[in-house]
Amino acid sequence: METHAHQRQHNLTGILFMCAGVAALCINDGLAKSLMDHYSPIQIIFLRNVIALPFAVMLALKMGGRRALRSHRIGVHFLRGLIWITATVLFFTSIHLMGLAEATAIAFVAPLFITAIAALFIAPVGWRRWIAVVIGFVGVLVIVRPGAASFEAVSLLPVATAFTYALLMLSARFVDTRESMWTLLLYLSATSAILTGSIVTFFWTPIRAEDLWLFAAIAFFGTGGMTMITQAFRVAEAPTVAPFDYTALVWATGLGWFFWGETPDALTFVGAAIITASGIFIIFRESKVEAQS
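This next bit is on the overall build of the protein. When helices and strands are tallied, the protein shows 12 helices and 0 strands. Mapped in sequence order, the helices and strands of the protein form the string α-α-α-α-α-α-α-α-α-α-α-α. Against the 2.2 N^0.38 benchmark of 19 Å for 293 residues, the protein shows a C-alpha radius of gyration of 19 Å, consistent with a compact globule. Here the C-alpha coordinates of the protein stretch approximately 55 × 55 × 35 Å along the principal axes. For the protein, the residues scored as buried account for 48% of the 293 residues in total. The contacts in the protein between residues at least 6 apart in sequence include a share of 89% that link residues at least 24 apart. Roughly 14,700 Å² of accessible area belongs to the protein as shown, and the carbon and sulfur atoms make up 70% of that amount. Taken together, the 18 basic and 15 acidic charged side chains of the protein have centroids lying 12 Å from each other.

Take a look at the structure:
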């Protein structure tokens, strides 16, 4: 009974961490959208990671000790950094050119891409999850509406973001098993800073004094959000906390409406609901399959 009570407490803590982390990342996205009016995605990513890197080092030391600073496969981390930069550039560009809520909703097909890619190249999945993947992509079509007069090619950017993010998640399989999640977070920040730093001069725009706090804030919320989400999965069961990732749709809708007057249409909400339902089904189905194996 005591163990069950402790697990419930851990799950509640994990849910709170997850919700707070998701909110922080949505604020991070909103800040990026505002900065995109004057700066390139490469410059934003570079400055965010340079500012956040000392805190990432301290966090890795505190949570994992000196061992967390060591990588056994540095090349894999640079590959992951390149994929992460690609995904971020695609997403920042999409939220700059379209509504924050709409782009966020479409990008949530990433778990469906993960399931599909894993099924084709890693291990087969059951027919139920394949049906959920297909239904989820129907949700994307509802939002994007290819062939309709309202269709815009820019709406394919968050789809590309989701695919690239899925590759990032799957690439974690190639990280040395001796490395902790704190090592992954540290090296993702470090390699992103190094890679964008090597080309940022080609995209550099002088920083306005009034934007300095925005760059500091994007580093704070971006790093804080990733840390809280990571902590959520550490203290609670994954199937319990993972569905709360979809609270980002609420935050993205609210931020888009409040700051930019964006109001998604009815079909966007319908498509988002279909994608969310498919993603949550896959989460619970995978947890059930793992429990039976």
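So, about the nonpolar core. Membership of the largest hydrophobic core comes to 61 residues, with the highest contact counts inside it found for Leu 35, Ile 44, Phe 92, Ile 95, Ile 106, Val 109 and Val 140. Here the element with the most residues in this core is helix α1 (residues 2–35); it accounts for 7 residues. Grouped together as the second largest cluster of nonpolar side chains are 7 residues, Ala 56, Ala 60, Leu 185 and Leu 186 included.

Let us look at a nonpolar patch on the surface. A cluster of nonpolar residues, Leu 120, Phe 121, Ile 122 and Trp 130, forms a patch on the protein surface that exposes about 440 Å² of accessible area. For Phe 121, the location among the structural elements is in helix α5 (residues 110–121).

Quick look at helix α11 (residues 248–260) now. Relative to the 18 Å expected for 13 residues at 1.5 Å per residue, α11 spans 17 Å between its end C-alpha atoms, a close match to the ideal helical length. Among the residues of α11, those classed as buried are Ala 248, Leu 249, Ala 252, Leu 255 and Gly 256. Looking down the long axis of α11, one finds its buried residues gathered within 135° of arc, a one-sided arrangement. Facing away from the buried side of α11, by more than 90 degrees, are the exposed residues Val 250, Trp 257 and Phe 258. Positive backbone phi, approximately 65°, marks Gly 261, located one or two places after α11.

Our next topic: unusual backbone geometry. In terms of backbone geometry, most residues other than glycine have negative phi values and most peptide bonds are trans. Positive phi outside glycine occurs at Arg 145, with the angle close to 55°. Of note, Arg 145 is situated in the loop between α6 (127–144) and α7 (157–171).

Taken N-terminus to C-terminus, the directions of α6 and helix α12 (residues 266–292) make an angle of 165°; their axes are 8 Å apart at the nearest point. One way to sum up the angle between α6 and α12 is to call them roughly antiparallel. As for the relative orientation of α6 and α12, their crossing is left-handed in sense. Classifying every residue of the contact of α6 with α12 by side-chain character gives 14 nonpolar, 5 polar and 4 charged.

Let us look at the pattern of salt bridges. A full pass over the atoms with the stated rule returns 5 salt bridges. Its salt-bridge partner being Asp 176, residue Arg 178 comes within 2.8 Å of it at the nearest N-O pair. By relative accessible area, Asp 176 is classed as buried at 10%. The closest approach of N and O atoms between Asp 211 and Arg 208, which form a salt bridge, is 2.8 Å. Classification of Asp 211 as buried rests on a relative accessible area of 4%.

To continue, consider the packing of helix α3 (residues 74–97) against helix α4 (residues 100–107). The packing of two helices is summarised by the inter-axis angle and the distance between the axes. Where α3 contacts α4, the axes come no closer than 7 Å and their chain directions differ by 145°. Pair α3 / α4 crosses with right-handed handedness. Side by side, α3 and α4 meet where Phe 91, Ser 94 and Ile 95 of the first sit next to Leu 100, Ala 103, Thr 104 and Ala 107 of the second. A per-class count over the contact of α3 with α4 returns 5 nonpolar, 2 polar and no charged.

Thresholds applied
Residues numbered from 1 in each chain as written. Predicted model: local features only at pLDDT ≥ 70, side-chain atom pairs only at ≥ 80, totals over all residues. Heavy atoms only, no water. Helix = DSSP H or I, 4+ residues; strand = E, 2+ residues; numbered from the N terminus. Rg over C-alpha atoms; globule rule 2.2 N^0.38 Å. Buried < 20%, exposed > 50% of the residue type's maximum accessible area, 1.4 Å probe, protein only. Contact = heavy atoms within 4.5 Å. Areas by Shrake-Rupley, 256 points an atom, 1.4 Å probe, with all protein chains shown as cover. Lys, Arg positive; Asp, Glu negative; His and termini not counted. Charge placed at Lys NZ, Arg CZ, Asp CG, Glu CD. Core = buried A, V, L, I, M, F, W, Y, C linked by side-chain atoms within 4.5 Å. Patch = residues over 30% accessible without salt bridge, like charges linked within 9 Å, V, L, I, M, F, W, Y side chains within 5 Å. Salt bridge = Lys/Arg side-chain N within 4 Å of Asp/Glu carboxyl O. Expected span 1.5 Å × (residues − 1). Arc of directions from axis to C-beta. Axes fitted to C-alpha atoms, helices over the stretch in contact; angles between N-to-C directions. Parallel < 35°, antiparallel > 145°, perpendicular 65-115°, else oblique. Left-handed = near helix turned anticlockwise from the far one by under 90°. Nonpolar A, V, L, I, M, F, W, Y, C, P; charged D, E, K, R; others polar.

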